[in-house]
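# Architecture at a glance
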Amino acid sequence: PNNSNSSSSLKPIRFEPTQATLSNKKPIVERMPYTEEQAEAANKVLRVKESDGSHYEVLDLAKSASESDLKKVYRKKALLLHPDKNKSPQASEAFKVVGSIYEVLKSPTKRADYDRSIATDASSVSGSAYPNGIFPTIPFSTRITLLSPPEMCGLTGRVVAFKQYTGKYKIFLDSSLTSIEAEPNALLQNITVWTRWGIPCAAKVIFYSSKFDYNVVMLSDGETLDLKSKEFVIPNGTVIRLEGLQRRPEYNGKYGKVVKWTQRSDPCTGFDTSYYEVQMTSDVSFLCKMGNVRL
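Residues numbered from 1 in each chain as written. Predicted model: local features only at pLDDT ≥ 70, side-chain atom pairs only at ≥ 80, totals over all residues. Heavy atoms only, no water.

## A look at the confidence of the model for the protein
Here the protein averages 80 in pLDDT, while 79% of its residues score no lower than 70. Note on residues 122–134: pLDDT is under 50 here. Beyond four places in sequence and across chains, it has 28 contacts. (pLDDT = per-residue confidence, 0-100. Contact = heavy atoms within 4.5 Å.)

## Structural notes on the nonpolar core
Proteins that are soluble and globular tend to have nonpolar side chains buried together. Core analysis: the largest hydrophobic core is formed by 28 residues, its most contacted members being Ile234, Leu242, Tyr276 and Leu295. Elements with a minimum of two residues in this core: strand 7 (202–208), strand 8 (213–218), strand 9 (224–228), strand 10 (232–233), strand 11 (239–242), strand 13 (275–281) and strand 14 (284–289). Not counting residues within four places of it along the chain, the set of residues in contact with Ile234 comprises Ile191, Val193, Ile240, Val258, Tyr276, Val293 and Leu295. By size, the runner-up hydrophobic cluster in this structure holds 22 residues, among which are Val58, Ala65, Tyr74 and Tyr114. (Core = buried A, V, L, I, M, F, W, Y, C linked by side-chain atoms within 4.5 Å. Buried < 20%, exposed > 50% of the residue type's maximum accessible area, 1.4 Å probe, protein only. Helix = DSSP H or I, 4+ residues; strand = E, 2+ residues; numbered from the N terminus.)

## Describing the pairing of strand 9
Burial along strand 9 is one-sided: Leu225 and Leu227 are buried, and none of Thr224, Asp226 and Lys228, which face the opposite way, are. Judged from the five bridges that link them, strand 8 and strand 9 form a sheet pairing that is antiparallel. Within strand 9, the residue paired with Val217 across the bridge is Thr224. Adjacent in sequence and paired antiparallel, strand 8 and strand 9 are bridged by five residues, among which Gly222 carries a positive phi angle near 80°. (Pairing = 2+ DSSP bridges.)

## Quick word on the sheet that holds strand 1 (residues 143–146)
Sheet strands pair via backbone hydrogen bonds, and the direction of the pair is either parallel or antiparallel. Taken in spatial order, the five strands make up an open sheet running 4-3-2-1-5, and their pairing is antiparallel. For this open sheet the edge positions go to strand 4 (179–182) and strand 5 (187–189), each flanked by a neighbour on one side alone. Across the sheet, the axes of successive neighbouring strands diverge by a mean angle of 45°, strand direction being ignored. The pairing of strand 2 (residues 156–163) with strand 3 (residues 168–173) spans six bridges and is antiparallel. (Axes fitted to C-alpha atoms, helices over the stretch in contact; angles between N-to-C directions.)

## Overview of the sheet that holds strand 15 (residues 293–294)
In space, the five strands of this open sheet follow the order 14-13-12-11-15, with antiparallel pairing throughout. Lying at the two open borders of the sheet, with one neighbouring strand each, are strand 14 and strand 15. Pairing of strand 12 (residues 255–262) with strand 13 involves five bridges; the strand directions are antiparallel. Each residue of the ladder has a partner; that of Lys260, found in strand 13, is Glu277.

## Observations regarding the packing of helix 5 (residues 67–81) against helix 6 (residues 91–105)
Here helix 5 crosses helix 6 at 165°, and the two axes come no closer than 9 Å. Judged by the inter-axis angle, helix 5 sits roughly antiparallel to helix 6. Between helix 5 and helix 6 the crossing geometry is left-handed. Listed contacts from helix 6 to Leu70, Lys71, Tyr74, Lys77, Ala78 and Leu81 of helix 5 are Ala91, Ala94, Phe95, Val98, Gly99, Tyr102 and Leu105. A per-class count over the contact of helix 5 with helix 6 returns ten nonpolar, one polar and two charged. (Parallel < 35°, antiparallel > 145°, perpendicular 65-115°, else oblique. Left-handed = near helix turned anticlockwise from the far one by under 90°. Nonpolar A, V, L, I, M, F, W, Y, C, P; charged D, E, K, R; others polar.)

## Here we look at unusual backbone geometry
The omega torsion across Ser148 and Pro149 is 0°, close enough to zero to call that bond cis. Relative to the assigned elements, Pro149 resides in the loop between strand 1 and strand 2. In the Ramachandran plot, Asp60 falls in the positive-phi region, its phi being about 60° despite a non-glycine side chain. Within the secondary structure, Asp60 is located in the loop between helix 4 (55–59) and helix 5. A positive phi angle, near 80°, is found at Ser141, a position not held by glycine.

## Overview of the packing of aromatic side chains
Tallied over the full model, the rule gives five aromatic pairs. Ring centres of Tyr214 and Phe232 lie 5.4 Å apart, and the angle between their planes is 90°; this geometry places the pair in the edge-to-face category. Of the two residues, Tyr214 is situated in strand 8 and Phe232 in strand 10; the sequence distance between them amounts to 18 residues. Considered together, Tyr214 and Phe232 belong to a single accessibility category, that of buried residues. Between the aromatic rings of Tyr251 and Phe286, the centroid separation amounts to 5.3 Å while the plane-to-plane angle is 50°, which identifies the pairing as tilted. Taken as a pair, Tyr251 in the loop between strand 11 and strand 12 and Phe286 in strand 14 lie far apart in primary sequence, 35 residues in all. (Phe/Tyr/Trp six-rings, centres within 6.5 Å; stacked < 30°, edge-to-face > 60°.)

## Here we look at the environment of Trp194
With respect to the element layout, Trp194 can be found in strand 6 (residues 192–195). Distance in space between the C-alpha atoms of Trp194 and Lys204 is 8.7 Å, their sequence separation being ten residues. Excluding anything up to four places from it in sequence, Trp194 contacts Pro200, Cys201, Ala202, Glu231, Phe232 and Val233.

## Focus on the side chain of Arg111
The residue Arg111 is located in helix 7 (residues 108–122) in this model. One buried charge, Arg111, has no salt-bridge partner; the nearest side chain with opposite charge is Asp115, at 4.4 Å. A distance of 3.0 Å separates a polar side-chain atom of Arg111 from the backbone oxygen of Ala65. Not counting chain neighbours up to four residues away, the residues in contact with Arg111 comprise Tyr56, Lys63, Ser64, Ala65, Val104 and Leu105. (Lys, Arg positive; Asp, Glu negative; His and termini not counted. Salt bridge = Lys/Arg side-chain N within 4 Å of Asp/Glu carboxyl O. Polar contact = N/O pair within 3.5 Å; in protein donor to acceptor, adjacent residues only side chain to side chain.)

In structure tokens, the structure reads:
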């Protein structure tokens, strides 16, 4: 027999899986290196911290808790969040947060100082008159961009408190999940304004340059533009700073609230003379040019 011919006539046997063999095949399930409980524990710590929750809220601890209670809660949290045990993405950062909080609360002196600080924050007033009739403060949760110091210029965050005894805002930074104190003139409010040229459009203020130009992002298409303060309208109720006043120079550098914007033009020249009504204290308000207003 011719072996080459016989071998070439052989056809390979193809195996067609049947429904029975397919049903017996177990799906491959990729197992995560951490549990849902571990991931949620880490996320919760950072969530509470990010929302400016107190040290006690981060640890799920009563403010009146004893030193022994503090140790028990910390050890439980630390064990759950330790990176060697918890492989979830946020575990390492949450572990550091819990550790730094414990360093404060385990010291009687530091804990007393911290308790006094949060008591002061709780008594802060936002968006209304406070003692002396001085008006007003930027509302809590307002998004801001830092303009100074130079090493922090451009960082973003939100207002979480105003401390009357220092005159500074407490700002929670997005980049580091930590809080800092900042002077009022170091902040730029990232509020939504309305452009005045063409069809009025909503835009969000994102930065401020030394030429009194504001960088704004158009909400319609994301385009970034440079506008002067007289080229957009600030919403009523917004906290503003006044600059360049000639008739009322004593209010330069002071803060007030926009009460109303009025569009107007000179009947003879046609020049734009639109103005804001601003309220500086509970009993002082006046009109000013748009170019005198800073965010």
